[in-house]
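# Structural features, examined
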Amino acid sequence: MAEESDLEKTESATPRRLQKAREEGQIVRSRELSTFALLAAGFFGVWGMSGSIGEHLQAMLRAAFTFDHASAFETHRMMAGAGAASREGLYALLPILAFTGAAALLAPMALGGWQLSAKGLEPKFDRLNPIAGLGKIFSINGPIQLGMSLAKTLVVGVIGGTAIWNRREEILALATQPLHLALANTVHLIAVCCGMTVAGMFVVAALDVPYQLWQFHKKLRMSKEEVKREHRESEGDPHVKGRIRQQQRAIARRRMMTQVPKADVVVTNPTHFAVALQYTDGEMRAPKVVAKGVNLVAARIRELAAENNVPLLEAPPLARALYHNVELNREIPGQLYGAVAEVLAWVYQLRRFKTEGGVKPVAPTELEVPAELDKGGVSDEEADQEAADTLNPANDDGVSA
């Protein structure tokens with residue numbers, strides 16, 4: 001299958017795609033942000049630690065230029081002095097190295113965080129392909145990167161040049177100042193110019209970070225077909241899942257049908273709905289629904305009830321209310337206690353009539369069912385599900401059994 005073109009990749013990367021890219025070492029990086037962090041850390045480190053740095057540098061210079069006649073001809077003293085000067089220089093620069101090291105480690109966390117991936121170290125010989133290299137040079141990213149480099153140089157150059165130009169008189173005046181004052185003013189001017197340069201790099205980083213984020217997410221865009229394929233791989237094929245759901249419904253229906261012969265009564269409407277009720281005195285707080293169904297399933301419930309001498313009662317409002325408001329193996333709500341109690345009283349009278357004889361009880365017809373519980377006929381979803389099950393007789397065990 002041919003790879004989708006960039007024009008077809010219009011969908012944002014899914015979390016799974018982003019995680020996979022991260023595992024492969026593909027994370028957002030901004031060189032300009034790291035550069036700015038290093039410069040800023042170095043600048044503020046020098047600015048804040050200038051007193052300590054100055055003391056170490058003075059000690060280093062004092063030790064380097066203070067010697068007697070004897071030590072000038074002894075090589076071991078020269079090496080010891082060089083070692084002492086190196087230590088003083090290291091002590092002077094150690095805080096700056098600590099600041100810049102911390103900035104180098106923390107700057108990547110601002111975007112993509114740290115990521116150690118062995119896949120990034122794997123050799124890829126396609127990188128040695130000169131044609132692919134030329135393609136990258138003459139691609140749209142080449143001019144963009146060149147433009148970013150020129151913009152960075154221009155911004156930093158303009159800001160630094162402006163800082164120097166605005167202080168040109170102070171720079172020229174250094175030649176007429178005493179040495180100690182000239183040195184102090186020189187350090188101040190260098191600090192100001194460096195600070196302006198750092199501010200320029202901040203502007204460059206502020207422009208580069210959104211671009212790198214956009215470029216990263218654009219590179220990981222997916223086509224609609226890739227999104228569908230990934231969804232199938234992660235969530236499973238919808239057809240397979242549908243088949244599993246059908247099998248689960250078939251098993252649940254088969255189990256439900258085994259409860260019909262144990263029911264006390266089946267309430268119908270009489271064609272669309274059928275609900276089987278069971279109540280055991282002393283074991284249940286209230287009657288519960290042990291089976292229910294619509295259309296063909298309702299017909300099968302009625303058949304099983306007739307085969308097992310379970311009484312059938314035509315009570316359309318009650319049948320609809322029980323079907324819509326009570327789940328399988330759940331007790332009926334309190335609003336239906338009165339109506340169901342009348343039904344069960346009729347069932348008990350009918351049993352007594354069959355065993356003892358006498359006058360056959362009249363089936364109740366005027367049952368009080370709250371209007372808010374009677375939701376009418378079969379919903380479109382229920383009808384569609386019934387039709388789907390009917391078209392799959394292998395799964396419709398409750399109907400075909």
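The structure displayed is predicted, hence computed values, not measured ones.

## A look at the confidence of the model for the protein chain
Parts of the model with low pLDDT should not have their predicted coordinates read in detail. Looking at the protein chain, the pLDDT average stands at 76 and 76% of residues meet or exceed 70. Predicted confidence in the protein chain is weakest over helix 15 (residues 397-400), with a mean pLDDT of 38, and strongest over strand 2 (residues 273-278), with 90. This stretch, residues 387-401, has a pLDDT under 50; its non-local contacts, to residues over four places away or in other chains, come to 22 contacts.

## Section: the nonpolar core
Counting 27 residues, the largest nonpolar core has Val265, Val267, Leu277, Leu318, Leu322, Leu336 and Val340 as the members making the most contacts within it. Elements that contribute at least two residues to this core include exactly strand 1 (265-268), strand 2, strand 3 (288-294), helix 12 (316-325) and helix 13 (337-356). The element best represented in this core is helix 13, accounting for seven residues. Sequence-distant contacts of leucine 318, that is, excluding residues within four places in its chain, are made with Val267, Leu336, Ala339, Val340, Val343, Leu367 and Val369. Judged by nonpolar contacts, the second largest core, of 15 residues, contains Ala263, Ala274, Ala291 and Leu304.

## Looking at a nonpolar patch on the surface
A cluster of nonpolar side chains, namely Leu90, Tyr91, Leu93, Leu94 and Leu97, defines an oily patch on the protein surface of about 490 Å² accessible area. By the element assignment, leucine 94 lies in helix 4 (residues 75-106).

## Considering the sheet that holds strand 2
Here we have four strands laid out as an open sheet, ordered 3-2-1-4, and mixed in their pairing. The open sheet has two free edges, formed respectively by strand 3 and strand 4 (312-314), since each of these has just one partner strand. Direction aside, neighbouring strands of the sheet carry axes that sit 20° apart on average. When strand 1 meets strand 4, the two strands line up parallel, connected through three bridges. Looking across to strand 4, one finds that valine 266 is bridged to leucine 312. Running over the sheet, helix 12 touches strand 1, strand 2, strand 3 and strand 4 and is turned about 75° from strand 2.

## Description of the pairing of strand 1
Residues of strand 1 alternate between two faces, with Val265 and Val267 on one and Val266 and Thr268 on the opposite face, all of them buried. Direction of pairing for strand 1 relative to strand 2: antiparallel, over a ladder of four bridges. Its bridge partner lying in strand 2, threonine 268 is registered against alanine 274. Hairpin connection, strand 1 to strand 2: the antiparallel pair is bridged by four residues.

## Side note on the UniProt feature "transmembrane region" (unreviewed entry) in the protein chain
Those places that UniProt annotates as "transmembrane region" (unreviewed entry) correspond, in this numbering, to residues 89-111, 146-166 and 186-214. With 78% helix and 0% strand, residues 89-111 has end C-alpha atoms that lie 35 Å from one another.

## A look at the pairing of strand 3
The side chains of a regular strand alternate between both faces of the sheet. By the criterion of burial, strand 3 is predominantly enclosed, with six of the seven residues buried. Where strand 2 and strand 3 come together, six bridges link them in antiparallel fashion. Across the sheet, valine 275 pairs through a bridge with lysine 292, a residue of strand 3.

## Overview of the pattern of salt bridges
Going through the model one piece at a time under the given rule, you end up with three salt bridges. A salt bridge links arginine 351 to aspartate 264; the shortest N-O distance between them is 2.7 Å. Here arginine 351 is found in helix 13, whereas its partner aspartate 264 is found in the loop between helix 10 (238-257) and strand 1, with 87 residues between them in sequence. With a relative accessible area of 8%, aspartate 264 lands in the buried category. Arginine 300 is the partner of glutamate 303 in a salt bridge, and the nearest nitrogen-oxygen pair spans 3.2 Å. In this pair, glutamate 303 and arginine 300 both sit in helix 11 (residues 296-307), three residues apart, roughly one turn of the helix. What makes arginine 300 buried here is its relative accessible area of 10%.

## Focus: the side chain of glutamate 226
As for its placement among the helices and strands, glutamate 226 is situated in helix 9 (residues 224-235). As a buried residue without a salt bridge, glutamate 226 has its nearest oppositely charged side chain in arginine 17, at a separation of 4.1 Å. There is a polar contact of 3.0 Å between the side chain of glutamate 226 and the backbone nitrogen of serine 223.

## Considering helix 2 (residues 31-48)
Spanning 18 residues, helix 2 covers 26 Å between terminal C-alpha atoms, matching the ideal 26 Å at 1.5 Å per step. Among all positions in helix 2, only Glu32, Leu33, Phe36, Ala37, Ala40, Ala41, Gly42, Phe43 and Gly45 are buried.

## Regarding the environment of glutamate 366
Examined against the element boundaries, glutamate 366 turns out to sit in the loop between helix 13 and helix 14 (380-390). By relative accessible area, glutamate 366 is classed as exposed at 70%. Separated by 51 residues in the primary sequence, glutamate 366 and alanine 315 have C-alpha atoms spaced 8.6 Å apart.

## Focus on the packing of aromatic side chains
Using the criterion set out here, one finds four aromatic pairs in the structure. Ring geometry for phenylalanine 273 and tyrosine 323: centres 5.1 Å apart, planes at 65°, overall edge-to-face. One end of the pair, phenylalanine 273, is in strand 2; the other, tyrosine 323, is in helix 12, with 50 residues separating them in the sequence. Judged on exposure class, the residue phenylalanine 273 and its partner tyrosine 323 are both buried. Over the ring of tryptophan 165 we find arginine 168, and its NZ or CZ is 4.1 Å from the ring centre.

Procedures and definitions
- Residue positions are given per chain, counting from 1 as you read along its sequence in written order.
- With pLDDT at 70 or above as the cut-off, local features in this predicted model cover only qualifying residues; side-chain atom pairs require 80 or more to be listed or tallied, and sums for whole chains, interfaces and linings still use all residues.
- Water and hydrogen atoms were dropped before computing side-chain values, which therefore reflect all heavy atoms in the structure.
- pLDDT is defined as a per-residue confidence score from the predictor, taking values between 0 and 100.
- To qualify as a helix, a DSSP run of H or I must reach at least 4 residues; to qualify as a strand, a run of E must reach at least 2; elements of each kind are numbered from the N terminus.
- In this description, contact between two residues means that some pair of their heavy atoms is separated by no more than 4.5 Å.
- The nonpolar core is taken to be a set of buried Ala, Val, Leu, Ile, Met, Phe, Trp, Tyr and Cys residues, with the residues joined through side-chain atoms within 4.5 Å.
- Remark: exposure states derive from per-residue accessible area (1.4 Å probe, protein chains only) relative to the maximum for the residue type, with buried under 20%, exposed over 50%, and partly exposed in between.
- Every patch collects residues that have over 30% relative accessible area and no salt bridge, joining them within 9 Å if they carry like charges and within 5 Å if they are nonpolar side chains (Val, Leu, Ile, Met, Phe, Trp, Tyr).
- Using a 1.4 Å probe, the Shrake-Rupley method yields the accessible areas, and only the shown protein chains count as cover for residues.
- One side-chain nitrogen of Lys or Arg within 4 Å of one carboxyl oxygen of Asp or Glu is enough to make a salt bridge.
- The pairing criterion is simple: DSSP has to find at least two bridges between the two strands.
- To get an axis, fit a line to the C-alpha atoms, keeping to the stretch in contact for a helix; angles then go from 0 to 180 degrees between the N-to-C directions.
- UniProt positions are given in the numbering used here, feature names are shortened, and annotations may be inferred rather than shown by experiment.
- Only four residue types enter the charge count: Lys and Arg as positive, Asp and Glu as negative, with His and the chain ends excluded.
- Whenever two N or O atoms come within 3.5 Å, that pair is a polar contact, provided that in protein one can donate a hydrogen and the other can accept it, and provided that, for residues adjacent in sequence, both atoms are side-chain atoms.
- Expected helix span is given by 1.5 Å per residue-to-residue step, counting one fewer step than there are residues.
- Aromatic pairing here means that ring centres of Phe, Tyr or Trp (its six-membered ring) are within 6.5 Å. Orientation follows from the plane angle: under 30 degrees is stacked, over 60 is edge-to-face, and everything else is tilted.
- Consider the ring centre and the ring normal. A charge sits over the ring if Lys NZ or Arg CZ is within 6 Å of that centre and within 35 degrees of that normal.

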